[in-house]
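Analysis of the macromolecular model
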Amino acid sequence: MNRLFTLAALSLLPAQVWAKAYERPIPQPQSATAEFWFFMGSLMLVGALIMVAWLVSKR
């Protein structure tokens, strides 16, 4: 049993030695177009929230 464990450990060792280290992904910067559309979406969200507040206050 001891030999079997040693053989299994030695056969799996090369896979661990040659494994590539984890590299964190680097986020890409936003383009001017993406920033513009994010700004437009933010304005639309604020406008929708104002409309909901206005409709709820009328009740």
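The structure under discussion appears in the preceding block.
Residues numbered from 1 in each chain as written. Predicted model: local features only at pLDDT ≥ 70, side-chain atom pairs only at ≥ 80, totals over all residues. Heavy atoms only, no water.

Focus on the overall build of the protein chain
Of the regular secondary structure elements, the protein chain holds two helices and zero strands. Counting the 59 residues in the protein chain, one finds 0% classified as buried. Roughly 6,400 Å² of accessible area belongs to the protein chain as shown, and the carbon and sulfur atoms make up 72% of that amount. (Helix = DSSP H or I, 4+ residues; strand = E, 2+ residues; numbered from the N terminus. Buried < 20%, exposed > 50% of the residue type's maximum accessible area, 1.4 Å probe, protein only. Areas by Shrake-Rupley, 256 points an atom, 1.4 Å probe, with all protein chains shown as cover.)

Section: the packing of aromatic side chains
On inspection of all chains with the given rule, the structure shows one aromatic pair. Summarising the aromatic geometry, the rings of Phe36 and Trp37 are spaced 5.1 Å apart at their centres and angled 70° between planes, so their arrangement reads as edge-to-face. The exposure class assigned to Phe36 is partly exposed, which follows from its relative accessible area of 43%. (Phe/Tyr/Trp six-rings, centres within 6.5 Å; stacked < 30°, edge-to-face > 60°.)

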